[in-house]
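Secondary and tertiary structure notes
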Amino acid sequence: MGIPQTGERDLAIGVVTHIFTGTGTTPQRLVVPCDCRVNVTIGNTGGTFTGSIRLRRSFDGGVTWHVVANPDTLADRVHTAPVSYWQHEPELGVQYDLECTAFTTGPIPVRLSL
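These notes cover the structure that comes with them.

Each value, and the rule that gives it
Residues numbered from 1 in each chain as written. Predicted model: local features only at pLDDT ≥ 70, side-chain atom pairs only at ≥ 80, totals over all residues. Heavy atoms only, no water. Helix = DSSP H or I, 4+ residues; strand = E, 2+ residues; numbered from the N terminus. Buried < 20%, exposed > 50% of the residue type's maximum accessible area, 1.4 Å probe, protein only. Contact = heavy atoms within 4.5 Å. Pairing = 2+ DSSP bridges. Axes fitted to C-alpha atoms, helices over the stretch in contact; angles between N-to-C directions. Phe/Tyr/Trp six-rings, centres within 6.5 Å; stacked < 30°, edge-to-face > 60°. Lys NZ or Arg CZ within 6 Å of the ring centre and 35° of its normal. Salt bridge = Lys/Arg side-chain N within 4 Å of Asp/Glu carboxyl O.

This paragraph deals with the environment of Phe-49. Structurally, Phe-49 is set in the loop between β4 (36-42) and β5 (50-58). The exposure class of Phe-49 is buried, given its relative accessible area of 8%. Considered as a pair, Phe-49 and Pro-107 are 58 residues apart in the sequence and their alpha carbons are 6.8 Å apart. Here Phe-49 is in contact with Ile-42, Gly-43, His-79, Thr-80, Ala-81, Pro-82, Thr-105, Gly-106, Pro-107 and Ile-108, once residues within four sequence places are set aside.

If you want it as structure tokens, here you go:
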């Protein structure tokens, strides 16, 4: 849902935010509680960064991670510029995170939400 107005609380069911200043993963994971859309935002509109961020999901509690593919192209969802989109997830309990696999300049703010 997001924040309707400045100063109000975030209405999203679940939110993970992080600012990458180097490689690594988001410290928290987003657990999908329903058949829903996962919102993904990487970077700021008009902002720039030099790095690579990929969307990942796990079906086994975080033991094994899979890079999420774009359903239209089947290419891995790996981003090198600001972007915002949603990813449909029909399976309950799936965990999502973002991984920064390359970092040169930033910072790179990211957000996952339901």
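Picking up where we left off.
Examined bridge by bridge, β5 and strand β9 (residues 95-105) share nine bridges and lie antiparallel to one another. Opposite Thr-50, over in β9, you have Thr-105 as the bridge partner. Direction of pairing for β5 relative to strand β7 (residues 78-79): antiparallel, over a ladder of two bridges. Each bridged residue has a counterpart across the sheet, and for Ile-53 the counterpart in β7 is His-79. For β5 and strand β6 (residues 66-67), the ladder comprises two bridges, and the chain directions are antiparallel. Among the inter-strand pairings, Arg-56 is bridged to a residue of β6, identified as Val-67.

Moving on: unusual backbone geometry. Gly-106 connects to Pro-107 through a cis peptide bond whose omega is 10°. Within the element layout of this structure, Pro-107 appears in the loop between β9 and β10 (108-113). One non-glycine residue, Leu-74, adopts positive backbone phi at about 65°. Relative to the helices and strands, Leu-74 resides in the loop between β6 and β7.

In this section: the sheet that holds β4. Taken together, the four strands give an open sheet; going across it, the order is β1-β10-β4-β8, and neighbouring strands pair in antiparallel fashion. Unpaired on one side and paired on the other, β1 (15-20) and β8 (83-89) mark the two borders of the sheet. Recorded for the sheet is a direction-independent mean angle of 15° between the axes of neighbouring strands. Relative to β10, β4 runs antiparallel, the two sharing four bridges. Within β10, the residue paired with Asn-39 across the bridge is Ser-113.

The subject of this paragraph is the packing of aromatic side chains. Taken as a whole, this structure holds zero aromatic pairs when the rule is applied. A cation over a ring is seen here: Arg-37 above Trp-86, with NZ or CZ 3.7 Å from the ring centre.

Going through the model one piece at a time under the given rule, you end up with four salt bridges. Of the charged contacts in the structure, one is a salt bridge between Arg-56 and Asp-97, with a shortest N-O distance of 2.8 Å. You can see Arg-56 sitting in strand β5 and its partner Asp-97 sitting in strand β9, a full 41 residues away along the chain. Its relative accessible area of 10% is what places Arg-56 among the buried residues. Across the salt bridge formed by Glu-99 and Arg-56, the nearest N and O atoms sit 3.6 Å from each other. Highlighted residues: Glu-99 in strand β9 and Arg-56 in strand β5, separated in sequence by 43 residues. Note on accessibility: Glu-99 and Arg-56 belong to one class, buried.

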